[in-house]
Amino acid sequence: MILTICLSKLHQKLKKMDTNMRPSLSPRDMLIVTLRYLATGDQYKSLEYAFRIFAQAISKFVPQVCDCLVEVLRNYVKLPTNSDEWMKIVQGFEEKWNFPHTLGAIDGKHVMIKAPPHSGTDYFNYRRFFSVVFLGVVDSNSNFIYADVGSKGRISDRGVFRNSVLYKKLERNECGIPSPAPLYQASRILVPYMFLGDKAFPLTHYCLRPFSGLTERGSVQRIFNMRHSIARRPVEMAYGIHSGRFRVLRKPIELSEENAKKVIMATIYLHNFKRRDENTRNQDANQFIYRQDDNPNMLRFNANRSRPNFNMMEIRMHMANYFVNN
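A look at the overall build of the chain
And step 1. Along the chain, the regular secondary structure elements total twelve helices and five strands.
And step 2. Every one of the 326 residues in the chain was classed for burial, and the buried ones make up 52%.
And step 3. Expressed as a percentage of contacts within the chain between residues at least 6 apart in sequence, the contacts between residues at least 24 apart total 67%.
And step 4. Carbon and sulfur atoms make up 49% of the accessible area of the chain, which amounts to about 17100 Å² in all.

Pasting the structure below:
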């Protein structure tokens, strides 16, 4: 049904008039070629030989089809707006990953692109290739609930998060996040609901990161970091499944900066659309096995050097003790 709606919208936006010289490209052919490009990452010249459509024409309609896909599938990537919607995600993390008060797992990756003209080193990252940053938040089922694409690869990890729309909403308390609550009935300490991030993210009332430095075996900090790492698996799995299904992300995207963003956004919405049923999610868990070294084009952020809030350090230790005692 979604593809039918997409084809109807494509027909309205992209349908051209036939001429005496040749018939125009059909929206169906445009959609097929675009999906093939996203799935394989083949060059336009290779697609020209496979589908007998000029590479110049493919270069024109692929970004348009990606825009249409994002518009049609816009309901599949949505950030919750009220407490009830957030609590469904919190319940999913508590039941599936055994970590309470979790709004989602957050992480960022560098996606390799062709160097934009006259950009200098703006997109040249610390791993010595040109990239744009994809910042994503996922739920307990590895579905994206928020995505920010397009930050320059040279920008620091802290800068990427601070420049995102999500950060501004969190700072202004506009996300409808539930009020802090105790971890268990006998406790009087109110623990906020937070996103789980690695050491690249700050320790704040809406973001929880692990203990830094070396932790002793069997210590409270080591147990907390282990539980925290397990609960962050959905975001690692999401990036692995995402890049495994859409191979265009596994090689430099040979498009302009703006069109590269459109391609990446289309794959995000298609990722959630594909994983809408449980059978696909089970197949993904068996088919796509993600390891960081397998995909050099999508890399982790560096560690964050900011000093954490003292109150949040106490709350993090309270949660660590809760894991040990329970």
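A word on helix α2 (residues 27-40)
And step 1. With 14 residues, α2 should cover 20 Å at 1.5 Å per step; its first-to-last C-alpha distance of 20 Å lies within 8% of that length.
And step 2. When we look at burial in α2, the residues that qualify are Pro-27, Met-30, Leu-31, Val-33, Thr-34, Tyr-37 and Leu-38. Angular distribution of buried residues about the axis of α2 spans 165°; they occupy a single face of the element.
And step 3. Backbone geometry just after α2 places Gly-41 at a positive phi near 75°.

Some points on helix α9 (residues 233-245)
And step 1. For α9, which comprises 13 residues, the first-to-last C-alpha distance of 18 Å matches the rise-based estimate of 18 Å (1.5 Å per residue) to within 8%.
And step 2. Counting buried positions along α9 gives eleven out of 13 residues, so the element sits mostly inside the fold.
And step 3. Taken together, the buried positions of α9 are Pro-234, Val-235, Glu-236, Ala-238, Tyr-239, Gly-240, Ile-241, His-242, Ser-243, Gly-244 and Arg-245.

Quick word on the pairing of strand β2 (residues 131-138)
And step 1. The element β2 is extensively covered by neighbouring structure, given that eight of its eight residues are classed as buried.
And step 2. By the alternation rule, side chains of β2 split into Ser-131, Val-133, Leu-135 and Val-137 and Val-132, Phe-134, Gly-136 and Val-138, which are all buried.
And step 3. Pairing analysis gives eight bridges linking strand β1 (residues 102-112) to β2, with the strands arranged antiparallel. From the neighbouring strand, Asp-107 faces β2, where its bridge partner is Gly-136.
And step 4. The pairing of β2 with strand β3 (residues 144-152) spans seven bridges and is antiparallel. In the strand pairing of β3, Val-138 is matched with Phe-144.
And step 5. Joining the antiparallel neighbours β2 and β3 is a turn of five residues, in which Ser-142 adopts a positive phi near 65°.

So, the nonpolar core
And step 1. In this structure, Tyr-37, Leu-38 and Ile-253 are the most contacted members of the largest nonpolar core, which totals 89 residues.
And step 2. In terms of residue count, the dominant contributor to this core is helix α4 (residues 55-72) (ten residues).
And step 3. The contact partners of Ile-253, leaving out residues within four places of it in the chain, are Tyr-37, Val-111, Met-112, Ile-113, Lys-114, Val-248, Ala-260 and Ile-264.

Let's talk about the sheet that holds strand β4 (residues 194-196)
And step 1. Ordered in space as β3-β2-β1-β4-β5, the five strands form an open sheet in which the pairing is mixed. Because the sheet does not close on itself, it has two edges, and the strands there are β3 and β5 (207-208).
And step 2. Packing against the sheet, helix α10 (residues 257-274) makes contact with β1, β2 and β3, and its axis sits at approximately 165° to β3.

Some words on the pattern of salt bridges
And step 1. Evaluated as defined, the whole model comprises ten salt bridges.
And step 2. In this structure, the salt-bridge partner of Lys-45 is Glu-48, at a minimum N-O distance of 3.3 Å. Linking Lys-45 with Glu-48, this pair stays in helix α3 (residues 44-51), spanning three residues, or about one helical turn.
And step 3. For Lys-45, a relative accessible area of 41% corresponds to the partly exposed category.
And step 4. By relative accessible area, which is 13% here, Glu-48 ends up buried.
And step 5. Here Lys-262 and Asp-67 are joined by a salt bridge, their closest N and O atoms 3.2 Å apart. Residue Lys-262 is found in helix α10, and its partner Asp-67 is found in helix α4; the two are separated by 195 residues along the sequence.
And step 6. By relative accessible area, which is 22% here, Lys-262 ends up partly exposed.
And step 7. Among the ionic contacts, a cluster of salt bridges with common partners joins Asp-107, Lys-109, Asp-198, Arg-232 and Glu-236.

Definitions and cut-offs
Residues numbered from 1 in each chain as written. Predicted model: local features only at pLDDT ≥ 70, side-chain atom pairs only at ≥ 80, totals over all residues. Heavy atoms only, no water. Helix = DSSP H or I, 4+ residues; strand = E, 2+ residues; numbered from the N terminus. Buried < 20%, exposed > 50% of the residue type's maximum accessible area, 1.4 Å probe, protein only. Contact = heavy atoms within 4.5 Å. Areas by Shrake-Rupley, 256 points an atom, 1.4 Å probe, with all protein chains shown as cover. Expected span 1.5 Å × (residues − 1). Arc of directions from axis to C-beta. Pairing = 2+ DSSP bridges. Core = buried A, V, L, I, M, F, W, Y, C linked by side-chain atoms within 4.5 Å. Axes fitted to C-alpha atoms, helices over the stretch in contact; angles between N-to-C directions. Salt bridge = Lys/Arg side-chain N within 4 Å of Asp/Glu carboxyl O.

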